[in-house]
Amino acid sequence: MPAREFAFRIKLSSEEQERELASYLSSLSADDVLFGLRFAYNRYTAASGGYLMPGRKSMVKRETHLLSADQAKWRLNNWKTMIRTYRDKGYSYPTISRIKKQLQKIAAGKK
């Protein structure tokens, strides 16, 4: 199929955005641009629909990466309080379960 040109109009808030967009469009292939737009569109619809749950793994790391074994043991011994705290932060039960699993590893001396 022969290549076709496509013209579109977009409002940008600065010249920096204009340069950045021009750079992307001139250096990327049409397939790559469409792939990026498709990804951004799907992520936008998921976020606006309320079912995008980004960064579950980073939530677990954020709660556990600086804990000592003693701190992990204390959290496990006071687990009911910790569940309440995690639920107040908005964590789902699967995420809380992953945090507990990581705490058990830290308390056992494995990081």
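The structure displayed is predicted, hence computed values, not measured ones.

Draft legend 1. Examining the layout of surface pockets more closely. Each pocket or cavity is described by its volume, and for the largest pocket that value is around 320 Å³. Around the largest pocket, the lining is made up of 13 residues, and of these Phe6, Phe8, Leu25, Val33 and Leu37 lie nearest the centre. Looking at the lining of the largest pocket, the elements with two or more residues in it are helix 1 (15-27) and helix 2 (30-49). The dominant element in the lining of the largest pocket, judged by the number of residues it contributes, is helix 2, at 4 residues. For the lining of the largest pocket, the class distribution of residues is 9 nonpolar, 2 polar and 2 charged.

Draft legend 2. Broad picture of the side chain of Thr64. Its place among the elements puts Thr64 in helix 3 (residues 56-64). Given a relative accessible area of 3%, Thr64 falls into the buried group. Beyond its immediate chain neighbours, meaning those up to four positions away, Thr64 contacts Ile99, Gln102, Leu103 and Ile106.

Draft legend 3. Spotlight on the environment of Ile96. Positionally, Ile96 belongs in helix 6 (residues 93-107). With residues up to four places along the chain from it excluded, the contact list for Ile96 reads Trp79, Ile83, Tyr86, Arg87 and Tyr91.

Definitions and cut-offs
- Residues numbered from 1 in each chain as written.
- Predicted model: local features only at pLDDT ≥ 70, side-chain atom pairs only at ≥ 80, totals over all residues.
- Heavy atoms only, no water.
- 1 Å grid on protein atoms, 1.4 Å probe; cavity = no way out; pocket = protein on both sides within 12 Å on 5 of 7 lines; lining within 4 Å.
- Points joined across faces, edges and corners; volume = space filled by probe spheres on them.
- Helix = DSSP H or I, 4+ residues; strand = E, 2+ residues; numbered from the N terminus.
- Nonpolar A, V, L, I, M, F, W, Y, C, P; charged D, E, K, R; others polar.
- Buried < 20%, exposed > 50% of the residue type's maximum accessible area, 1.4 Å probe, protein only.
- Contact = heavy atoms within 4.5 Å.

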